[in-house]
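# Topology and contacts: notes
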Amino acid sequence: MWLESIRKQLDPANQALLSESCLGVISRLPSYVFHAVVYQELLMRLDRTSLTSNTLSFVIHGETLQFGPMEFGLMCGLKFKGWYAPPVSSAFHDSMFDGRLDLTLFHLQEKFRMECGSRKRSGPTCLRLAWLNILYGVLLCRGPVTQSVDMEYFHLIDNDEAFKTYPWGSVAYDFLIRSTHENRDHLLRVLAGGARCRGDIIAPGLSITLLPWAYEVMPDLAALCETQEDDRGERIP
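Residues numbered from 1 in each chain as written. Predicted model: local features only at pLDDT ≥ 70, side-chain atom pairs only at ≥ 80, totals over all residues. Heavy atoms only, no water.

Going by an unreviewed UniProt entry, the protein carries the name DUF1985 domain-containing protein and comes from Perilla frutescens var. hirtella.

Here it is in structure tokens:
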């Protein structure tokens, strides 16, 4: 698990701080087996009208089932209420990344590895790099490490209190709604082109939270998945 690898590269003091922080709950989530077929079948049953609402609606066996902020919060533990800090320039960004604006997830991962790998360094720098990697590599992850980093939230890393009290649950959930609809549209284009393989559909952000919910509302599906291996056998943090 990638999250576990981040935690292990931190010194004990920073491991404790990460666990106690707002994103610490993410590092404690169980390791779910990602069944790509289940995720793609959910996409096929997504009600397009939910794009303008605050919930994701899925039509299953003629019944509309809703996945909303409450379900998302129960699955991931992130908070929806907090303090919104106004955007400002980031001294941490300027010092650690020379102020470059074309950062990708790869840059964040490499910086964390070079600065903190094998517990080379302690102190707040490693904790902040860990936060950035969890934020952009999990909560707002769009796929490959070449994805660009949205600088909208980078300034929060300069202020520990602002970062800890930010409503990351709202940010992650809004991202989940947008990315789920984008993935559905992409899947329909793939199928319209006659492709039989759907393997290029990547589950972004905390899409993994949809699967335990699906197993809960559809017990027969959960029983089936327990007896079958996923085609890729991926585990998502």
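This paragraph deals with the overall build of the protein. On a plain count of helices and strands, the protein comes out with 12 helices and four strands. Expressed as a percentage of the 237 residues in the protein, the buried residues total 49%. A fraction of 75% describes how many contacts in the protein between residues 6 or more apart in sequence connect residues 24 or more apart. Of the roughly 11,800 Å² of accessible surface on the protein, 54% is carried by carbon and sulfur atoms. (Helix = DSSP H or I, 4+ residues; strand = E, 2+ residues; numbered from the N terminus. Buried < 20%, exposed > 50% of the residue type's maximum accessible area, 1.4 Å probe, protein only. Contact = heavy atoms within 4.5 Å. Areas by Shrake-Rupley, 256 points an atom, 1.4 Å probe, with all protein chains shown as cover.)

Running from amino to carboxyl end, helix α2 (residues 12-20) crosses helix α8 (residues 124-139) at an angle of 45°, the nearest separation of the two axes being 10 Å. One finds that α2 runs oblique with respect to α8. Once α2 is placed against α8, the crossing between them reads as right-handed. Side by side, α2 and α8 meet where Asn14, Leu17 and Leu18 of the first sit next to Cys126, Leu127, Trp131 and Ile134 of the second. (Axes fitted to C-alpha atoms, helices over the stretch in contact; angles between N-to-C directions. Parallel < 35°, antiparallel > 145°, perpendicular 65-115°, else oblique. Left-handed = near helix turned anticlockwise from the far one by under 90°.)

The subject of this paragraph is the state of the cysteines. Evaluated as defined, the whole model comprises one disulfide. Bridging Cys116 to Cys126, the disulfide has an S-S length of 2.1 Å. Note on the Cys116 and Cys126 pair: the S-S dihedral is about -105°, so by sign convention the disulfide is left-handed. Placement of the pair is Cys116 in helix α7 (residues 105-116) and Cys126 in helix α8, with a sequence separation of 10 residues. No difference in accessibility class separates Cys116 from Cys126, as the two residues are buried. (Disulfide = S-S within 2.5 Å.)

A separate point is the packing of aromatic side chains. Applying the stated criterion across every chain, the model contains 12 aromatic pairs. For the pair Tyr136 and Phe154, a centre-to-centre distance of 6.3 Å together with 25° between the ring planes defines the contact as stacked. One end of the pair, Tyr136, is in helix α8; the other, Phe154, is in the loop between α8 and α9 (160-165), with 18 residues separating them in the sequence. Each member of the aromatic cluster is reached from another via a ring pair, and the members are Trp131, Tyr153, Phe163, Tyr166 and Trp168. Residue placement shows Lys111 over the ring face of Phe97; its charged tip is 5.8 Å from the ring centre. (Phe/Tyr/Trp six-rings, centres within 6.5 Å; stacked < 30°, edge-to-face > 60°. Lys NZ or Arg CZ within 6 Å of the ring centre and 35° of its normal.)

Our next topic: the nonpolar core. With 67 residues, the main nonpolar core has Ile26, Tyr136, Leu139, Phe154 and Trp168 as its most contacted residues. In terms of residue count, α8 provides more of this core than any other element does, 11 residues in total. Setting aside its immediate chain neighbours within four residues, Leu139 contacts Leu23, Ile26, Leu78, Ile134, Trp168, Ala172, Phe175, Gly205 and Leu206. (Core = buried A, V, L, I, M, F, W, Y, C linked by side-chain atoms within 4.5 Å.)

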